[in-house]
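Chains, contacts and geometry: an overview
As a plain string of letters, each chain reads:
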Amino acid sequence: MSSLFGLYGASGCGRGIMPLARESLGASPTARLVFIDDALAGQRLNGHEVMDFDTFCREPADKRHVAVAIANPSTRAAVVLKCADAGLDFFGVAATNCVRMDEVEVGTGALISPFVTLTSNIRIGRHFHANLYSYVEHDCVIGDFVTFAPAVRCNGNVHIEDGVYVGAGALIRQGKPEAPLRIGAGAVIGMGAVVTKDVPAGATVVGNPARPLAARRG
Ligand code: UDP
């Protein structure tokens, strides 16, 4: 039986995940691993064919699996929906050197880059992406389609809702068990921000301490 594995997105994010996907599929003689990218189709990138979505769906295979390696949470969610509607299965990819401690639940389709640490008693939703050197500390609850750019430090008892993007090097203060620090759905945390208090849904916050972007301009 032949299986076709597609990594959706052949730009920066996808090319950073591809070696991990290749390693996790190992030497399986029946698995073929390609990029899917609607803008870059027709080329070979880093040793892999790049095909567009329609070609991927038509390519002969007994089984088709997709991992979506697109950093933008809403773009990733839209692509996941398209793949699910086409009846495709999802696979996740994790670097062999990531650290997962006790009672860590991670939903389908997660991409866990090298040097990521997930400590204990953590719940993470679907299609999470934790980029290089990020960590998630104890008792965090993270929703679906959340992206951590490299070196995000998310301390304990933080609750992050769906579709949040956390920029590189951001630092999120620890919450309390009875009052977790909350980051609302669709929020964007700027690169290097130091988040010391709750962030409302849809807000973009930047700086130290992190404040809404609009408030800084005004
Ligand atoms: N892409 C796609 N189909 C879509 C949306 C995005 O093929 O419906 C591809 C797009 O062509 C691009 C990649 O996904 O090559 C996203 O790359 P980008 O540079 O925006 O960011 P990255 O997620 O790699 O940081």
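What this report covers is the structure whose coordinates are included nearby. (Residues numbered from 1 in each chain as written. Predicted model: local features only at pLDDT ≥ 70, side-chain atom pairs only at ≥ 80, totals over all residues. Heavy atoms only, no water.)

**Some remarks on the pairing of strand E1 (residues 3–8)**
The buried fraction of E1 amounts to 6 of the 6 residues, a majority that puts the element mostly inside the structure. By the alternation rule, side chains of E1 split into Ser3, Phe5 and Leu7 and Leu4, Gly6 and Tyr8, which are all buried. Note: E1 against strand E5 (residues 63–68), 6 bridges, orientation parallel. Bridged to Tyr8 within E5 is Val68. For E1 and strand E2 (residues 31–36), the ladder comprises 6 bridges, and the chain directions are parallel. (Buried < 20%, exposed > 50% of the residue type's maximum accessible area, 1.4 Å probe, protein only. Helix = DSSP H or I, 4+ residues; strand = E, 2+ residues; numbered from the N terminus. Pairing = 2+ DSSP bridges.)

**Here we look at the environment of Met101**
Relative to the assigned elements, Met101 resides in the loop between strand E8 (99–100) and strand E9 (104–106). Sequence separation of Met101 and Pro114 is 13 residues, and the distance between their C-alpha atoms is 15 Å. Ignoring anything within four residues of it in the chain, the contact list for Met101 reads Thr117, Leu118, Thr119 and Ser120. (Contact = heavy atoms within 4.5 Å.)

**Re unusual backbone geometry**
Omega for the peptide link from Asn208 to Pro209 comes to -5 degrees, which places this bond in the cis form. As for its placement among the helices and strands, Pro209 is situated in the loop between strand E24 (204–206) and strand E25 (211–212). Phi is positive for Phe115, which is not a glycine, with a value near 65 degrees. Mapped onto the fold, Phe115 is located in the loop between strand E10 (111–112) and strand E11 (117–118). For Phe115, a relative accessible area of 43% translates into the label partly exposed. A positive phi angle, close to 65 degrees, is found at Tyr133, a residue other than glycine. Tracing the chain through its elements places Tyr133 in the loop between strand E13 (129–130) and strand E14 (135–136). Tyr133 gets classed as exposed once you look at its relative accessible area, which sits at 51%.

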